[in-house]
Amino acid sequence: MGRIPKAYLINRLVTLVLTILIAATIIWIIPRLSPVDPAEIALGRMAAGAGAVANSEEILAQLRANMGIDQPFLVQYFKYITGALVFDFGLSTAAFPTPVSTLIMNALPWTLGLMILSLLITFFIGNLLGALMVWDRSPKLVRVAIPVAMVFTSIPPILSGLLLMWIFAAKLQWFPLTGAYGLFVEPSWTWAFVQSVLHHGFLPALSIVIVTFGFWALGMRGLMIGVQGEDYVKLAEAKGLKPRYILYRYMIRNAILPQITAFALKIGLLIAGQVLVERIFAYNGMGKLLYDAILNQDFPVIQGVSYVIILITALSVFLVDLLYPFIDPRIRHEAG
Amino acid sequence: MATQDQIPPTRAERRQARRIRRFDNPWLNPKLLWGAGFLVGIIILGLVGRMLWDLELVFTGSSPLKLPPIGFENLRGQPGVLEHPLGTDGGGRDLLALIIIGAPNTLFVGLLASLIGMSIGIFLGFSAGFLGGRVDDVIRVGADVMITIPPLLILVVFQSAFGDVTLTMMALLIAGFVWQSPTRLIRAQVLSMKQSGYVQMAQLSGASTGHIMFREMLPNLVPYLFGSFIASVTTSIVTAVGLEVLGLGPQRIPTLGRTIYEAINAGALIQNLWWWWGLPTLLLGVIFIGLLLINLGLDEVSNPRLRRLS
């Protein structure tokens, strides 16, 4: 790891492991502090299905043994942590006996796909717009975008999602209201399916894009103002290079680097916001899985989804921190 | 920017100059005033509304269902009526009453959560920056760890385990996740201030640690503290609304997020009941834009270079 000092790497690794461990522990402790007994919920579900349940005491004891909640807390905790390491969160109680990991694996690609797509779009649009705000040859109209970008940045994506849903799905009916693909399309690698996915994913992605591009644009604007005064830009201008060439190859290229660390700070909020967008669009990702699990009091799923999202967040922050010196050779991490 | 020394000044410039003469106080900049005005407006809506409007209408079934606001028609062709100027929802609740109670509730959760979070942040940030050593290590790592955990997900686990919560309880829970940023910010500021002359002077003259922390250093941090406070109010409200939209949060107290949750669940988008989800959304927008304006205004207070004439 040439550019990364060992002390820094160890420090980041410790933080990463601690983050995951603490998050996993909190998620485990909370339901155990609650007066609600998961075995009784399961029994209640049985009773709701069957009318009355005979010898309920025995069933309760058996359910507790199945769920492993009759064992001492330390044993339970150890089992849970070792399970979480290999993404084993037990079986879903609502979709019994599907393992939680299967449900998550089905939902995760949708969430990651939507996230990566909307991130790429906002990163591109936001940074380009931010750069154009500063560039003295860009049309005056771009400057109007500054307050607009600021206002949009202050709004959480569920609000933009609701507005877009209403205008483009309910009113104009250009896009479908909910879901990740059409009801009559078989999930497979056919053009019809891909088309349906894109059609369904457009609004959720757009609602994230319009509230996050401002964040990148404003950050880029600040960075570009700094780069504008640099000597190498002056030199490039004096050499008579084309302004557009200077903009892309000299200014944006240098200004864009700190934006990547900004990404690390934002990612937690982005994922949480996206979970909510998925919930209102009933998009087949983690957000919908989480919402359905909340409705059904399906604790293993709630825990699993929360754990996986926290894991993704922590890992992304960690990776961005480590990759950064490779992207920008001028930066060296201070040890410690 | 360069137009400053052009003669004659434009109308906007003269107006700005007049404004600056009148309010030579950075705390009275227009952004800050407008932002504060938006939030005060929400509070006044709650206070005055409570006096003037019949709050019994907030109960389910107290009014006809799905009436539109005045001047509009719903899908059944019913016009809006004066008794329910903002319309009613699918459960027969008056939206004006819902908003009068719900909007201040949302603001209350945000303010209370960040007030507590800030207090924790100030305490921990000062301790870490001032005492250093082991204490600093523990607090710094703790803040670094907690800052990557999205509060929403932990709170989802909590609230689905415990069921119904009160507004105050929810604020307390959210407060557990908004202390990290202020802690880091204050720690960094304290570390740099510790080296400054006046603090070292105070130390040499034998002032107590408490005196140095709160009488010498804290006043210099006020604009940062306000900025950080507003940022955490935004985070708290976003988190609270997120929980409410997932159907968690207080179950029996009207909040803006819960109204949106009920509207989505009842298919208000398909039924074109735009006022049901639209009015809470609009009010949340007002709150967020108000907070943004306050934040921009505070930036001008703490960073005088942002104060411009043109």
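Keep in mind it's a predicted model, so treat the numbers as computed, not measured.

## Looking at the overall build of chain A
Along chain A, the regular secondary structure elements total 13 helices and 0 strands. Counting from the amino terminus, chain A carries its helices and strands in the arrangement α-α-α-α-α-α-α-α-α-α-α-α-α. Over its C-alpha atoms, taken along the principal directions, chain A stretches across nearly 90 × 55 × 35 Å. For chain A, with 336 residues in total, the buried portion stands at 36%.

## Details of the overall build of chain B
For chain B, the count of helices and strands is 11 helices and 0 strands. Its C-alpha atoms give chain B principal-axis dimensions of about 75 × 65 × 35 Å. Within chain B, counting contacts between residues at least 6 apart in sequence, those at least 24 apart form 76% of the total.

## Quick word on the packing of helix α8 (residues 191–228) of chain A against helix α10 (residues 243–255) of chain A
Residue and element names in this part refer to chain A. For the pair α8 and α10, the least separation of the axes is 8 Å and the interaxial angle reads 125 degrees. In terms of orientation, α8 and α10 fall into the oblique class. The two elements α8 and α10 cross, and the hand of that crossing is right-handed. On α10, the residues touching Met 220, Leu 223, Met 224 and Val 227 of α8 are Met 251, Asn 254 and Ala 255. Of the residues that constitute the contact of α8 with α10, the class distribution is 6 nonpolar, 1 polar and no charged.

## Overview of the interface of chain B and chain A
Each partner contributes to the interface: chain B provides 36 residues, whereas chain A provides 43 residues. The set of elements that each furnish at least two residues to the side of chain B that touches chain A consists of α4 (133–147), α5 (151–162), α9 (209–245) and α11 (274–302) of chain B. Residues of the side of chain B that touches chain A, tallied by class, amount to 27 nonpolar, 8 polar and 1 charged.

## A closer look at helix α7 (residues 180–194) of chain B
Residues and elements named next belong to chain B. Its 15 residues place the ends of α7 21 Å apart at the C-alpha level, agreeing with the 21 Å of an ideal helix rising 1.5 Å per residue. Looking only at α7, the buried set comprises Gln 180, Ser 181, Pro 182, Thr 183, Arg 184, Ile 186, Arg 187 and Val 190. On its buried face, α7 sits against α3 (95–131), α4 and α9.

## Examining the nonpolar core
Within the largest apolar cluster, 159 residues are counted, with the highest numbers of intra-cluster contacts made by Ala 131, Leu 290, Ile 302 and Val 305 of chain A together with Val 156, Val 157 and Ile 174 of chain B. The dominant element in this core, judged by the number of residues it contributes, is α11 of chain B, at 16 residues. When sequence neighbours within four positions are dropped, the list of residues in contact with Ile 174 of chain B reads Val 109, Ala 113, Pro 151, Leu 155, Ser 236, Thr 239 and Ala 240 of chain B.

## Description of the packing of helix α1 (residues 6–33) of chain A against helix α13 (residues 299–327) of chain A
The description of two packed helices rests on the angle between their axes and on the distance between the axes. Residues and elements named next belong to chain A. Where α1 contacts α13, the axes come no closer than 10 Å and their chain directions differ by 165 degrees. Taken together, the axes of α1 and α13 are roughly antiparallel relative to one another. For the pair α1 and α13, the crossing hand works out as right-handed. For the pair formed by α1 and α13, the contact residues are Arg 12, Leu 16, Thr 19, Ile 20, Ala 23, Ala 24, Ile 27 and Pro 31 on the first element and Phe 299, Gln 303, Ser 306, Tyr 307, Ile 310, Leu 311, Ala 314, Phe 318, Asp 321 and Leu 322 on the second. Residue classes in the contact of α1 with α13 are distributed as 13 nonpolar, 3 polar and 2 charged.

## A few points about the environment of Thr 93 of chain A
Residues and elements named next belong to chain A. Along the chain, the position of Thr 93 falls in the loop between α4 (73–85) and α5 (100–134). Thr 93 gets classed as buried once you count the C-beta atoms within 10 Å, which come to 21. Discounting chain neighbours no more than four positions away, the residues touching Thr 93 are Ala 42, Asp 298, Phe 299 and Pro 300.

## Observations regarding the confidence of the model for chain A
Looking at chain A as a whole, the pLDDT averages 81, with 93% of positions reaching at least 70. For chain A, helix α2 (residues 38–50) of chain A is the element with the lowest average pLDDT, namely 71, and α5 of chain A is the one with the highest, namely 87.

## A short note on the confidence of the model for chain B
All names here are of chain B. The predicted model of chain B has a mean per-residue pLDDT of 83, with 93% of residues at 70 or higher. Per-element averaging of pLDDT across chain B places helix α1 (residues 11–22) at the bottom with 71 and helix α6 (residues 167–175) at the top with 91. This complex was scored by the predictor with a pTM of 0.82 and an ipTM of 0.79.

## A short note on helix α12 (residues 286–295) of chain A
Along an α-helix, residues three or four positions apart point the same way, because every turn accommodates 3.6 residues. Residue and element names in this part refer to chain A. Buried residues dominate α12, accounting for 8 of its 10 residues. Within α12, burial applies to Met 286, Gly 287, Lys 288, Leu 289, Leu 290, Tyr 291, Ala 293 and Ile 294. Directly beyond the C-terminal end of α12, a positive phi value near 55 degrees is found at Gln 297.

Here is what the cut-offs are and how they apply
Residues numbered from 1 in each chain as written. Chains lettered and ligands numbered in written order. Predicted model: local features only at pLDDT ≥ 70, side-chain atom pairs only at ≥ 80, totals over all residues. Helix = DSSP H or I, 4+ residues; strand = E, 2+ residues; numbered from the N terminus. Buried ≥ 20, exposed ≤ 12 C-beta atoms within 10 Å, placed from the backbone. Contact = placed C-beta atoms within 7 Å. Axes fitted to C-alpha atoms, helices over the stretch in contact; angles between N-to-C directions. Parallel < 35°, antiparallel > 145°, perpendicular 65-115°, else oblique. Left-handed = near helix turned anticlockwise from the far one by under 90°. Nonpolar A, V, L, I, M, F, W, Y, C, P; charged D, E, K, R; others polar. Expected span 1.5 Å × (residues − 1). Core = buried A, V, L, I, M, F, W, Y, C linked by C-beta atoms within 7 Å. pLDDT = per-residue confidence, 0-100.

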